[in-house]
Amino acid sequence: MLQRTRAAALAFGLTALCAATLTTSAFAQNKADASLDRVKAAVQKTLGADAPIKSVARTPIPGLYEVSIGGEILYADEKAQYVILGGNLVDTKTRQNLTEARQSELNKVDFAKLPFDRAFKYVKGNGSRKIAVFSDPNCPYCKRFEETLKSSKIDNVTVYTFLYPVLGPDSDAKSKAIWCAADPVKAWHDWMLDKKAPPTATAKCDDAPVRQNVALGHQYNVTGTPTIILADGRRLPGAVPAEELEKALATVK
């Protein structure tokens, strides 16, 4: 009789334990689902209705969630204050790309230490604002940027052009010819704006500065042309439009 009582008590205890475990598991699952729902709502609010979220999932990193949107995946914290998209960390409140801002800071150039004797310069207006440009004569974006500089929207600027032939042997030959021309600025503009080829460089011309500029560009990790360097050391990659260049020049301190 006593044994039957003990067996019944044990069975009851196991049943209660299983029920408690299931209840705890269900509670944890509900809590997890609620957490994912909060992340989804927060990210959706940030992105807007035009970017419908497919799914939200946890990642191996505590507090970091995977968010699937269309064919893209981004990562966000639970409050969606920050998102990681395409390897860039973005502050969703300020819309600032924190990765880009940090890279810009790390890639700053000491403008005053640039070897300006290896560049040619031209001045628009009073020339009070200064930029340096690494440029390849066969780069279509460099030609577009020269057209931007020529426009009336940009004024009072001094431009130092560092010939940076990285697009092949013809770029190297043209760079040497332009550098060795009697008037390098005119030769540069004749080619970039009017497609008038520069005269062939003579054997007597010292074209070492062109080779040195290539080494300098590698030192500064200049990976594309044109690369524009502002007087405060910040970089602008590519053929930025006049409005963007003017805005950047206005913020130089």
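In case you missed it, the structure is sitting above this.
Not measured: the values here are computed from a predicted model.

**Q** Run through the packing of aromatic side chains, naming residues and quoting values.
**A** What the rule picks out here adds up to six aromatic pairs. Arranged with centres 5.4 Å apart and planes meeting at 50 degrees, the rings of Phe 111 and Phe 116 form a pair that is tilted. Judged by its relative accessible area of 24%, Phe 116 is partly exposed. Taking the centre distance of 4.4 Å and the plane angle of 45 degrees together, the rings of Phe 116 and Tyr 160 count as tilted. Of the two residues, Phe 116 sits in the loop between α2 (98-106) and β7 (120-124) while Tyr 160 sits in strand β9 (residues 157-163), which places them 44 residues apart along the sequence.

**Q** Now, about the environment of Pro 52: what can you tell me, with residues and values included?
**A** Turning to its location among the elements, Pro 52 is positioned in the loop between α1 (2-47) and β1 (53-58). Spatially, the C-alpha atom of Pro 52 lies 6.3 Å from that of Ile 69, the residues being 17 residues apart in sequence. Among all residues touching Pro 52, those that are not within four sequence positions of it are Gln 44, Ile 69 and Gly 70.

Cut-offs and rules
- Residues numbered from 1 in each chain as written.
- Predicted model: local features only at pLDDT ≥ 70, side-chain atom pairs only at ≥ 80, totals over all residues.
- Heavy atoms only, no water.
- Phe/Tyr/Trp six-rings, centres within 6.5 Å; stacked < 30°, edge-to-face > 60°.
- Buried < 20%, exposed > 50% of the residue type's maximum accessible area, 1.4 Å probe, protein only.
- Helix = DSSP H or I, 4+ residues; strand = E, 2+ residues; numbered from the N terminus.
- Contact = heavy atoms within 4.5 Å.

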